[in-house]
Number of protein chains: 6
Amino acid sequence: YDKDLYENNEVAGVVTGLAWTQVGGDILFIESSLSPGKGKLTLTGNLGDVMKESASIAMAYLRAHSNDIGIDAHVFDEWDVHIHVPAGATPKDGPSAGVTMLTALTSVFTQRKVKKHLAMTGEITLRGKVLPVGGIKEKILAAKRANIKEIILSKSNKKDILEIKESYIKDLTFHYVSEMNEVIQLALLKEKVNKPLDLSPKETKSKV
Amino acid sequence: YDKDLYENNEVAGVVTGLAWTQVGGDILFIESSLSPGKGKLTLTGNLGDVMKESASIAMAYLRAHSNDIGIDAHVFDEWDVHIHVPAGATPKDGPSAGVTMLTALTSVFTQRKVKKHLAMTGEITLRGKVLPVGGIKEKILAAKRANIKEIILSKSNKKDILEIKESYIKDLTFHYVSEMNEVIQLALLKEKVNKPLDLSPKETKSKV
Amino acid sequence: YDKDLYENNEVAGVVTGLAWTQVGGDILFIESSLSPGKGKLTLTGNLGDVMKESASIAMAYLRAHSNDIGIDAHVFDEWDVHIHVPAGATPKDGPSAGVTMLTALTSVFTQRKVKKHLAMTGEITLRGKVLPVGGIKEKILAAKRANIKEIILSKSNKKDILEIKESYIKDLTFHYVSEMNEVIQLALLKEKVNKPLDLSPKETKSKV
Amino acid sequence: YDKDLYENNEVAGVVTGLAWTQVGGDILFIESSLSPGKGKLTLTGNLGDVMKESASIAMAYLRAHSNDIGIDAHVFDEWDVHIHVPAGATPKDGPSAGVTMLTALTSVFTQRKVKKHLAMTGEITLRGKVLPVGGIKEKILAAKRANIKEIILSKSNKKDILEIKESYIKDLTFHYVSEMNEVIQLALLKEKVNKPLDLSPKETKSKV
Amino acid sequence: YDKDLYENNEVAGVVTGLAWTQVGGDILFIESSLSPGKGKLTLTGNLGDVMKESASIAMAYLRAHSNDIGIDAHVFDEWDVHIHVPAGATPKDGPSAGVTMLTALTSVFTQRKVKKHLAMTGEITLRGKVLPVGGIKEKILAAKRANIKEIILSKSNKKDILEIKESYIKDLTFHYVSEMNEVIQLALLKEKVNKPLDLSPKETKSKV
Amino acid sequence: YDKDLYENNEVAGVVTGLAWTQVGGDILFIESSLSPGKGKLTLTGNLGDVMKESASIAMAYLRAHSNDIGIDAHVFDEWDVHIHVPAGATPKDGPSAGVTMLTALTSVFTQRKVKKHLAMTGEITLRGKVLPVGGIKEKILAAKRANIKEIILSKSNKKDILEIKESYIKDLTFHYVSEMNEVIQLALLKEKVNKPLDLSPKETKSKV
Ligand SMILES: [Ca+2]
Ligand SMILES: [Ca+2]
Ligand SMILES: [Ca+2]
Ligand SMILES: [Ca+2]
Ligand SMILES: [Ca+2]
Ligand SMILES: [Ca+2]
Ligand SMILES: [Ca+2]
Ligand SMILES: [Ca+2]
Ligand SMILES: [Ca+2]
Ligand SMILES: [Ca+2]
Ligand SMILES: [Ca+2]
Ligand SMILES: [Ca+2]
């Protein structure tokens, strides 16, 4: 594989998730970016309706909890958000990228770095719960192949990890969570990316 | 089951409903949240058209009766509402979550706490009636398994309860209602949640 | 049946219609309500395209004849209208609820009471004609079972009534109409409902 | 048949057309009405796409030729137009109601009376041509049954009339046209309807 | 055929194209017209998606090259454009009307007369190329039957003309082009139509 | 083939890509153009959803990196963009035109010339990666036939080139890239096209 493709965390808004297809597990990337605009959300990557809903839930959570997360609410009206999930030709669906999407969006709206060698999988709910998802064994093996060191999962998926032969996963650290704020705390560094976007409200900027 | 998932009522806008599927009854959660906006309603959770209509009816009822319920009408134009029904991968439909949606929305727009260990099921109409729904026996058994203590139903569903063996339901309290305002009175506490949202009109806020 | 459900006429905007399904006739309710807004029309109740068109025709008729009916035209731009037809799970279609929708809308926009024990069925046209509809016999029998005393029909449906055995319908009064304004005059009382909505134009209100 | 239904021409915007179905010819009514608004066009009556396009063409023609026809262009931005074709349950399609729609719209925007006992059928084009349509024989017989005295047709449909046995049509007057302005001149009286709408520009009105 | 229908070029915006159907070649008309508005583009005539795209490409080309063509860019924001392709009941598709649409739009936006006895067929691209199309032989024969004297084609269609027996086409003049601007130069006269629309910017007009 | 069709690079916004169909490889052109507007993106050329998403990703990348690329962000709100991919009748889909679209858009928004005799193929991602695509051998042979001299590919497609018999490709230069900015640097000249559009912000222009 192409190491450069994902071992770099210099860009805000890109988080590694875990997918499960008929031919086995795989890693996937949630890429998000901001551009000056009016709060439009664009989704690409051949996403099904359930996966699109996950992005909508993640945005609603961020908007409702912006104070706690440290995002100025003005940002949501002054920037357009784009979420893309490569590769473009592969149809993707399901709720299990919810935590990955929320983490990517939090990173891009705070410009905080994402922890390296970390992947995650889990459904999110509007009030901030992390629900279990399927295909855990296949996802974990894919993560290992891709040099992932830490994995975030729902507490309710712990039982699936316990069923995996220990020798396979001895190099991996698992974080079991039940709330979205735990995910954000585990996945994002305090440090901002190099050359972060200036997301301070336009009004403030024009006053200066 | 994961107790934390629903025994907590510290968050406004989350109410327990009862669902009926081909594999039996189940509990479900209506999650609602507000974020600063312009009155947009977003629905997620793989909902069918009839269920989406229930949310639309609940919003229309709230807007038409905001005075009686104690909601300042400005709120509807200054906040976006999101309703989500986990889990995201399960298709859901039918009118029976109407009372649950109305209760969730009333809670989120008043920031009042929802009573603990309470569940409900029933269709709503625009003028405030509560209509009977199907699958009562299966729903009640699911409620019991989930540690529910009180259940709100349409008066016209009383006959379905009377057909259930009494030993099964001796620990449950049933509330039979015919009007939405009875539901709200039964389900919401006077007390607001901890750290309630400040929903006072923006104009007032900017005056101060 | 639940008498409370429809024998009450204390709410403006609710009118009893007659429906005809494969399993016989039935009564149905057209519920309408207003909330502060910008003139948006929302339709719920699992309605087919033809039935939705009836609502659109009724609104156009009201807007074009507001002076004659005694509605200040400003109202249409300052309130949102919602029309719901319970029950939510039953698909409904056809033009025969046209007169019922027009009557419900006229009641809600004038806040006038609807006559008790009255039902109606008939298609409406844009210039105010009332056209005949099918299933008259089944609809009449359903009306009788539901304690209806008076029924409004198109003049062209008189022949269908004459074919019904007289003993079946001796307690019913029939009103045969050819114009919408006859329907409104027959169905709405001069009296307003208790605690009517204040629909006077916003501008006037803010002047005071 | 119900004479009142169409022998009256006291209302502007209602014109009689001729339709052709599998069970023979029939007359139909194009009903149009205006209400204060912003230029929205609404179409009802279970119309197919080709028939909806005819309405769009008729509106475009009117807007492009408003000066010649004597309509103040402001009217198109200050009034909403609704076109309905009863009966609501019957699907209708095809371009042959084009001339009827154009005539109805011209009547409603000028408030001029429509000639009595007149029917028409013909496709319209954007530059004002009247094209021939099918089913002429069946349409003519239907017109006769409905007490129609004069019929407007495309010049190119003259050959279809010549094929009809003369005794059938001796009471009918045929007008063969090739341009829309001929239709309008033939179908609309100079005289306005009783109590015409005041369509003078709002600006003018507010100046007074 | 009806000579009047197309031998007249007194109206701007109407251009003769060539179509190819399963039953042979035919001529068609692209009709375009302007009405005061905000730049909306409406397409009628039962057009398929590819043909609708041709209209969109033609508009984009006109907007991007308005200076060269002599159109004041304000016009695009102050007028609505309607393109219709009779007859309304016939489904039409394909890219071969591209040059005809572009020529019609150029005529309507400049009010220049279209050359008489001229027809054309060819696909257009966004940067102004004219691409070859199919069915040339059938189209040419149809043009001849309709008294066309000159035909504009893509250079790459020259080989198709060379395959036609010369006696069939000796009365026709062919123009082979590779760029749109050649088409416009060949098809439009310098002369404006009689009573041209006043398309000068509104601002200028209100200054006077 | 028609050399003029693509050997010219005097127009900004037109870039040569490589396509792969069931009948072999082919070259294709991404044509883009700007017209005064409000930032609307229009796509034509019978494009499938995945290909449309590529255009959306390319626009998002440009907007997010406008500073680095040397585009004033005002431009995106003051111009409409149209992307067309001839020929109009051929359905096209897939992510492999991503780099070509991004290059075309960059050229049109900077008015920089595109290098001659250059073609490219590759999927793009939102954070600027270039991913490998399929059909490399067929695409390369098509490029050769079309007199292409240089080809840009994803690094991950190098292995596909190494499998092609060397004699076939000895005249071609291959550029293997992993980031979008490499593509732009390779494909666009510093030099602007002849008579470039004036894309300076309107505000600046009106000040002068
Ligand atoms: Ca892509
Ligand atoms: Ca995932
Ligand atoms: Ca989800
Ligand atoms: Ca429920
Ligand atoms: Ca319902
Ligand atoms: Ca009815
Ligand atoms: Ca109707
Ligand atoms: Ca037509
Ligand atoms: Ca007709
Ligand atoms: Ca053509
Ligand atoms: Ca085309
Ligand atoms: Ca390509």
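Small disclaimer: the values here were computed from a predicted structure and weren't measured.

1. What to know about the overall build of chain A
Then comes step 1: What chain A contains, in helices and strands, is 10 helices and 11 strands.
Then comes step 2: Radius of gyration (C-alpha) of chain A: 17 Å, near the 17 Å computed for a compact globule of 208 residues.
Then comes step 3: Dimensions of chain A along its principal axes, counting C-alpha atoms only, are 60 × 35 × 35 Å.
Then comes step 4: Evaluated residue by residue, chain A yields a buried proportion of 59% over its 208 residues.
Then comes step 5: Looking at chain A alone, contacts between residues at least 24 apart form 76% of all its contacts between residues at least 6 apart.
Then comes step 6: Side chains of chain A give 28 positive and 26 negative charges; the mean places of these two sets differ by 2 Å.

2. Notes on the relation of the copies chain A and chain F
Then comes step 1: The operation relating chain A to chain F is a screw motion whose rotation component is 60°, with 0.0 Å of axial translation and a residual RMSD of 0.0 Å. In symmetry terms, the pair is related by a six-fold rotation axis.

3. Quick look at the side chain of T16(D)
Then comes step 1: Turning to its location among the elements, T16(D) is positioned in strand β1 (residues 14–21).
Then comes step 2: The residues touching T16(D), leaving out its near neighbours within four places in the chain, are I27(D), L28(D), F29(D), T100(D), L118(D), A119(D), M120(D) and I148(D).

4. Regarding the interface of chain B and chain C
Then comes step 1: With 16 residues of chain B at the interface, the matching set in chain C holds 24 residues.
Then comes step 2: Interface area, chain B with chain C, both sides summed: about 1,600 Å², of which 57% is carbon and sulfur.
Then comes step 3: Taken as a group, E53(B), L126(B) and R127(B) account for 39% of the area that chain B buries against chain C, more than any other trio of residues on that side.
Then comes step 4: For the pair chain B and chain C, the interface holds 1 salt bridge.
Then comes step 5: Of the charged contacts, one joins E31(C) and R127(B) as a salt bridge, the two residues approaching to 2.5 Å between their closest N and O atoms.
Then comes step 6: Joining chain B to chain C, the criterion identifies 6 residue pairs in polar contact (both at pLDDT 80 or more).
Then comes step 7: At the level of elements, α2 (49–64) and β7 (123–124) of chain B are the ones that each hand at least two residues to the side of chain B that touches chain C.
Then comes step 8: Of the residues forming the side of chain B that touches chain C, the biggest block, 7 residues, is contributed by α2(B).
Then comes step 9: Here the residues of the side of chain B that touches chain C sort into 8 nonpolar, 3 polar and 5 charged.

5. Considerations on helix α6 (residues 136–145) of chain B
Residue and element names in this part refer to chain B.
Then comes step 1: All buried positions along α6 are accounted for by I136, K139, I140, A142 and A143. One side of α6 carries all its buried residues, which in axial view fall inside an arc of 160°.
Then comes step 2: Looking at the buried residues of α6, the elements they touch are β1 (14–21), β2 (24–36), β9 (150–154), α7 (158–162), α8 (166–169) and β10 (173–177).
Then comes step 3: Just downstream of α6 lies N147, where phi reads positive at about 70°.

6. A look at the packing of helix α5 (residues 98–110) of chain B against helix α9 (residues 180–187) of chain B
Residues and elements named next belong to chain B.
Then comes step 1: Contact geometry of α5 with α9 gives a least axis separation of 10 Å together with a crossing angle of 60°. As the angle between them shows, α5 and α9 are arranged oblique. You can see that α5 and α9 cross each other, and the crossing is right-handed. Contacts from V99, L102, T103 and T106 in α5 reach M180, V183, I184 and A187 in α9.
Then comes step 2: When the residues that make up the contact of α5 with α9 are grouped by side-chain class, the tally is 6 nonpolar, 2 polar and no charged.

7. What about the pairing of strand β1 (residues 14–21) of chain E?
Every regular strand shows the same layout, with side chains that alternate between the two sheet faces.
Residues and elements named next belong to chain E.
Then comes step 1: Among the 8 residues of β1, 6 are classified as buried, and the element is accordingly described as predominantly covered.
Then comes step 2: Pairing of β1 with strand β2 (residues 24–36) involves 8 bridges; the strand directions are antiparallel. Each residue of the ladder has a partner; that of T16, found in β2, is F29.
Then comes step 3: Here β1 hands over to β2 after 2 residues, the two strands then running antiparallel side by side.

8. Side note on the pairing of strand β9 (residues 150–154) of chain A
Residue and element names in this part refer to chain A.
Then comes step 1: Judged by how many residues are buried, β9 sits mostly within the fold: 5 of 5 residues are covered.
Then comes step 2: Residues of β9 alternate between two faces, with E150, I152 and S154 on one and I151 and L153 on the opposite face, all of them buried.
Then comes step 3: One ladder, built from 3 bridges, connects strand β6 (residues 118–120) with β9; its direction is parallel. The residue bridging M120 from the neighbouring strand is I152, located in β9.
Then comes step 4: Bridging between β9 and strand β10 (residues 173–177) involves 5 bridges; their strand directions are parallel. Bridged to S154 within β10 is V177.

9. So, helix α9 (residues 180–187) of chain A
Then comes step 1: For α9(A), the full list of buried residues reads M180(A), V183(A), I184(A) and A187(A). Projected down its long axis, α9(A) carries its buried residues within an arc of 95°, all on one side.

10. Details of the side chain of T44(E)
Then comes step 1: Its location among the elements puts T44(E) in strand β3 (residues 41–44).
Then comes step 2: Given the relative accessible area of 2%, T44(E) is considered buried.
Then comes step 3: Side chain to side chain, T44(E) and H82(E) meet in a polar contact 2.9 Å long.
Then comes step 4: Aside from chain neighbours lying at most four places away, what touches T44(E) is E53(D), S56(D), I57(D), H82(E), I83(E), H84(E) and V85(E).

11. Structural notes on the pattern of salt bridges
Then comes step 1: A complete count under the given rule lists 42 salt bridges over all chains for this structure.
Then comes step 2: The salt bridge partner of K129(D) is E179(D), with a shortest N-O separation of 3.0 Å. Taken as a pair, K129(D) in the loop between β7 (123–124) and β8 (130–131) and E179(D) in the loop between β10 (173–177) and α9 (180–187) lie far apart in primary sequence, 50 residues in all.
Then comes step 3: Classification of K129(D) by relative accessible area gives buried; the value is 10%.
Then comes step 4: The partly exposed category is assigned to E179(D), whose relative accessible area is 25%.
Then comes step 5: Sharing partners across several salt bridges, the network here consists of E10(A), K113(A) and E191(A).

12. Re the arrangement of the chains
Then comes step 1: Across all C-alpha pairs, the smallest distance from chain A to chain C is 22 Å, and the two are not in contact.
Then comes step 2: The closest approach of any C-alpha atom in chain A to one in chain D is 26 Å; the two make no contact.

13. Focus on the packing of aromatic side chains
Then comes step 1: If you walk through the whole model with that rule in mind, you get 12 aromatic pairs over all chains.
Then comes step 2: Here F174(F) and Y176(F) contribute two aromatic rings whose centre-to-centre distance is 6.3 Å and whose plane-to-plane angle is 10°, an arrangement assigned as stacked.

14. A few points about the environment of A142(B)
Residues and elements named next belong to chain B.
Then comes step 1: You can see A142 is positioned in helix α6.
Then comes step 2: Judged by its relative accessible area of 3%, A142 is buried.
Then comes step 3: Along the backbone, A142 and G24 are 118 residues apart, and their C-alpha atoms lie at a distance of 8.0 Å.
Then comes step 4: Dropping the residues within four chain positions of it, A142 is found in contact with G25, D26 and I27.

15. Examining the interface of chain A and chain F
Then comes step 1: Contacts between chain A and chain F engage 24 residues on the former and 16 residues on the latter.
Then comes step 2: Carbon and sulfur atoms make up 57% of the area that chain A and chain F hide from each other, which totals about 1,600 Å².
Then comes step 3: Summed over the shared surface of chain A and chain F, the number is 1 salt bridge.
Then comes step 4: Counting every contact that joins chain A to chain F gives 6 residue pairs in polar contact (both at pLDDT 80 or more).

Reading the values: rules and limits
Residues numbered from 1 in each chain as written. Chains lettered and ligands numbered in written order. Predicted model: local features only at pLDDT ≥ 70, side-chain atom pairs only at ≥ 80, totals over all residues. Heavy atoms only, no water. Helix = DSSP H or I, 4+ residues; strand = E, 2+ residues; numbered from the N terminus. Rg over C-alpha atoms; globule rule 2.2 N^0.38 Å. Buried < 20%, exposed > 50% of the residue type's maximum accessible area, 1.4 Å probe, protein only. Contact = heavy atoms within 4.5 Å. Lys, Arg positive; Asp, Glu negative; His and termini not counted. Charge placed at Lys NZ, Arg CZ, Asp CG, Glu CD. Least-squares fit on C-alpha atoms with pLDDT ≥ 70 in both. Buried area = accessible area lost by both parts, 1.4 Å probe. Salt bridge = Lys/Arg side-chain N within 4 Å of Asp/Glu carboxyl O. Polar contact = N/O pair within 3.5 Å; in protein donor to acceptor, adjacent residues only side chain to side chain. Nonpolar A, V, L, I, M, F, W, Y, C, P; charged D, E, K, R; others polar. Arc of directions from axis to C-beta. Axes fitted to C-alpha atoms, helices over the stretch in contact; angles between N-to-C directions. Parallel < 35°, antiparallel > 145°, perpendicular 65-115°, else oblique. Left-handed = near helix turned anticlockwise from the far one by under 90°. Pairing = 2+ DSSP bridges. Phe/Tyr/Trp six-rings, centres within 6.5 Å; stacked < 30°, edge-to-face > 60°.

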